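A closer look at the structure
So the chains spell out like this:
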Amino acid sequence: MSWLEKLLPPKITPTDPTERRSVPEGLWIKCPSCEAVLYKTDLEKNQNVCPQCSHHHRIGARARLDAFLDPEGRYELGQEVIPVDPLKFKDSRKYPERLKDALETTGETDALIVMGGAVHSIGVVAACFEFDFMGGSMGSVVGERFVRGVHTAIEQKVPFICFTATGGARMQEGLLSLMQMAKTNASLTRLAKKACLTSVC
Ligand SMILES: [Zn+2]
């Protein structure tokens, strides 16, 4: 026992430096526009708009839908559709590894969230891209969820709203990814035809 340990009262034990709590990262955010240092919770309470200069910070898909839709009567569409790796694609890393990382970063299973609900009690179906999930890229799952959202909007005769934040097609799914352009477009044409038939003007 060293002389210092002998001096310390028995109940006081030195803390292990590895156990010291550090200040959690990301608690403070610097506004890129006015450079004000903002407390993250305050920023989130203000829907990620800087209280000093009204700069709009990037917002995640789920937070976006949460701010947009009425709290009552929400339901998610297509969340059971999850990505697969049909091409066994590998660039600098394997596609499943990238998917796993994106899941850990965002908590989402793919880059589009679709929800039915209401805005000021008016029924809608809303979709929102999660850019932090592989750049909001569109693969088979994004296409399928989008189309399911459009079909639900047609069935329920409600508007379909999409918040777009995407880098484009997901190269890891190759042609299957490009095919989603035709698939989503066809569903939107169907929606537009129905909307014309039901429109008042
Ligand atoms: Zn600001």
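About the cut-offs
Residues numbered from 1 in each chain as written. Predicted model: local features only at pLDDT ≥ 70, side-chain atom pairs only at ≥ 80, totals over all residues. Helix = DSSP H or I, 4+ residues; strand = E, 2+ residues; numbered from the N terminus. Buried ≥ 20, exposed ≤ 12 C-beta atoms within 10 Å, placed from the backbone. Contact = placed C-beta atoms within 7 Å. Pairing = 2+ DSSP bridges. Axes fitted to C-alpha atoms, helices over the stretch in contact; angles between N-to-C directions. Expected span 1.5 Å × (residues − 1).

**With respect to the overall build of the chain**
Scanning the chain from N- to C-terminus turns up six helices and six strands. Beginning at the N terminus, the succession of helices and strands in the chain can be written as α-β-β-α-α-β-α-β-β-α-β-α. The buried share of the chain, reckoned over its 201 residues, is 23%. For the chain, the proportion of contacts with a sequence separation of at least 24, taken over those separated by at least 6, is 67%.

**Brief notes about the sheet that holds strand S5 (residues 122–129)**
Each strand in a sheet pairs with another by means of backbone hydrogen bonds, the pair being arranged parallel or else antiparallel. On the basis of which strands lie adjacent, the open sheet formed by four strands has the order S3-S4-S5-S6 and mixed pairing. What marks the edges here is a single partner per strand, and that holds for strand S3 (75–77) and strand S6 (160–163). Averaged over all adjacent pairs, the angle separating strand axes in this sheet is 30°, with direction ignored. When S3 meets strand S4 (residues 112–119), the two strands line up antiparallel, connected through three bridges. Paired with Leu-77 across the strands is Val-114, a residue of S4. Running over the sheet, helix H3 (residues 61–68) touches S4, S5 and S6 and is turned about 165° from S5.

**Some details on helix H5 (residues 140–156)**
Its 17 residues give H5 an end-to-end C-alpha distance of 24 Å, which sits within 8% of 24 Å, the value for a rise of 1.5 Å per residue. For H5, every residue scored as buried is listed here: Val-141, Val-142, Gly-143, Arg-145, Phe-146, Gly-149, Val-150 and Ala-153. Within two residues after H5, Lys-157 carries a phi angle of roughly 55°, on the positive side.

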